[in-house]
Amino acid sequence: MSQLAPSPYLLSVATNRKYPLDQGQSWAIGRGDGCAVMLDSRSVSRLHALIQRKDTGELALVDLGSRNGSFRNGKRVSLPIALQDRDILLFGDQELVFVHPARAPAPSPAITPDMRNEPTSALHAQMLTSILVVDIRDFTPLARTLSEEQLSQTIGTWFLRAGQITQREGSWAQKYIGDAVMGVWVHERGANIGADLFRLLRSIRDIAVATAEISHTLRLPAPLRIGAGVNTGPAIVGGTDYTALGDTVNAAFRLETATKSLGLGIALGERTWKELDEAKRGAFERREVVLKGYDGPSTAWAISFEGLRDLISRFPA
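Rules and cut-offs
Residues numbered from 1 in each chain as written. Predicted model: local features only at pLDDT ≥ 70, side-chain atom pairs only at ≥ 80, totals over all residues. Heavy atoms only, no water. Salt bridge = Lys/Arg side-chain N within 4 Å of Asp/Glu carboxyl O. Buried < 20%, exposed > 50% of the residue type's maximum accessible area, 1.4 Å probe, protein only. Core = buried A, V, L, I, M, F, W, Y, C linked by side-chain atoms within 4.5 Å. Helix = DSSP H or I, 4+ residues; strand = E, 2+ residues; numbered from the N terminus. Contact = heavy atoms within 4.5 Å. Phe/Tyr/Trp six-rings, centres within 6.5 Å; stacked < 30°, edge-to-face > 60°. Pairing = 2+ DSSP bridges.

Visitor: Can you help me understand the pattern of salt bridges in this one?
Guide: Pairing of side chains with opposite charge becomes possible as their charged atoms draw close. Under the definition given, this model contains 15 salt bridges. Two residues, R287 and E285, come together in a salt bridge whose shortest N-O distance is 2.9 Å. R287 sits in the partly exposed class, given a relative accessible area of 27%. According to the relative accessible area criterion, E285 is partly exposed, its value standing at 38%. A salt bridge links R286 to E288; its shortest N-O distance comes to 3.5 Å. It is possible to trace a salt-bridge network through shared partners that takes in R168, R205 and D206.

Visitor: So what exactly am I meant to see when it comes to the nonpolar core here?
Guide: Considering soluble globular proteins, one finds that nonpolar side chains tend to be buried as a cluster. Within the largest apolar cluster, 47 residues are counted, with the highest numbers of intra-cluster contacts made by W158, I204 and F284. When residues in this core are grouped by element, the largest group, 9 residues, is from helix α3 (residues 193–217). If we ignore the near neighbours within four places in the chain, the residues touching F284 are L201, L268, W273, L276, W301, A302, I303 and L311. Listed in part, the 20 residues of the second largest apolar core include L10, I29, A49 and I51.

Visitor: Hey, could you run me through the packing of aromatic side chains in this one?
Guide: Any aromatic ring pair is given by two values, namely how distant the centres are and how the planes are angled relative to each other. Under the counting rule described, the total for this entry stands at 3 aromatic pairs. Relative to F315, the ring of F198 lies with its centre 6.4 Å away and its plane at 80°, an arrangement referred to as edge-to-face. One end of the pair, F198, is in helix α3; the other, F315, is in the segment after α7 (305–314), and 117 residues separate them in sequence. By relative accessible area, which is 25% here, F315 ends up partly exposed. Here W273 and W301 contribute two aromatic rings whose centre-to-centre distance is 3.7 Å and whose plane-to-plane angle is 5°, an arrangement assigned as stacked. With W273 in helix α5 (residues 270–275) and W301 in strand β19 (residues 298–303), this pair connects stretches of sequence that are 28 residues apart. Like W301, W273 is buried.

Visitor: How should I be thinking about unusual backbone geometry in this particular structure?
Guide: Negative phi values dominate among residues other than glycine, just as trans dominates among peptide bonds. Unusually for a residue other than glycine, R86 sits at a positive phi of about 75°. In this fold, R86 is placed in the loop between β9 (81–82) and β10 (87–91). Located in the positive-phi region is R219, a residue other than glycine, with phi close to 55°. Note on placement: R219 falls in the loop between α3 and β15 (226–238).

Visitor: Where do I start with the sheet that holds β9 in this structure?
Guide: Pairing between the strands of a sheet is mediated by backbone hydrogen bonds and can be parallel or antiparallel. Spatially, 5 strands are ordered β4-β3-β5-β6-β9 in an open sheet, and the strand pairing comes out mixed. Strands at the two margins of the open sheet, each flanked by one partner only, are β4 (37–38) and β9. With 2 bridges joining them, strand β3 (residues 26–30) and β4 adopt parallel strand pairing. Bridge assignment links I29 to a residue of β4, and that residue is V37.

Visitor: How do you make sense of the environment of P223 when you look at a structure like this?
Guide: With respect to the helices and strands, the residue P223 is situated in the loop between α3 and β15. Along the sequence, P223 and T211 sit 12 residues apart, while their C-alpha atoms lie 8.4 Å from each other.

Visitor: Where do I start with the sheet that holds β10 in this structure?
Guide: Spatially, β2-β1-β11-β10-β7-β8 is the arrangement adopted by the 6 strands of the open sheet, whose pairing is antiparallel. Two strands close off the open sheet at either side, each with one partner strand: β2 (18–20) and β8 (75–76). Note that strand β7 (residues 70–72) and β8 share 2 bridges and pair antiparallel. Bridge assignment links R72 to a residue of β8, and that residue is K75.

Spelled out as structure tokens, the structure:
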């Protein structure tokens, strides 16, 4: 009789404890309650990293914007990266070994998204971008009510779906930061920015739909709720970690936070709204918001998820 292939697992170097990676599609790593791989160290973030099973069956490591970073074989992980048998993983001061004897060791380049302007490792250029930040509302209290398996499956599935959607709609790269996803759209010189932004708005609609589906499918005790902030302007993009930096990025995060007080799910920065086609601008409400770290009030253009859905339905691709 043929034997089943051994299941992958993580092995703690300090305690020799095994964390099986055989049931499910994703496993959260952190010190927070409910993480499938719970590491008791203050150097480890509450929700530090994630291991996801890809469609190919291989497992990949995703850092979730942790304070001290995630490392594979001594190199910091910024993009999702495929794991190979005997990889050494470091989360804060916690060292683990990834063991998957069913897969022979092989070179494991980073799993890079289908990017419109793929940078070289040395590139750090200022480019016109639109930044999307989508955050799960009140995730911490919800996480306390979930089992370890539910929490891992919920956050892993949501990150996977949100990343797939933003990539499909033209995002140059995706970042996973805590319980939020950041998408970066790079506008090529002479491009129709309005068309790019409409694809970005479609991604928000589809993430909202996916979020509702996940809540229903996983039978969560309370539905997942999200907020989204979008800002357009120059940003420093590129580098080995495919990052975007600058005030444009910071403002996108602040706009997402502002949706909580606005009572609407989506907030656009002034330039984002202006770059939309004139026929689409009327769907948004002008609001004055105070963004943390900025002097005086700022103008935001807000819309509900229902309003966004109706807007997109009036302008089919």
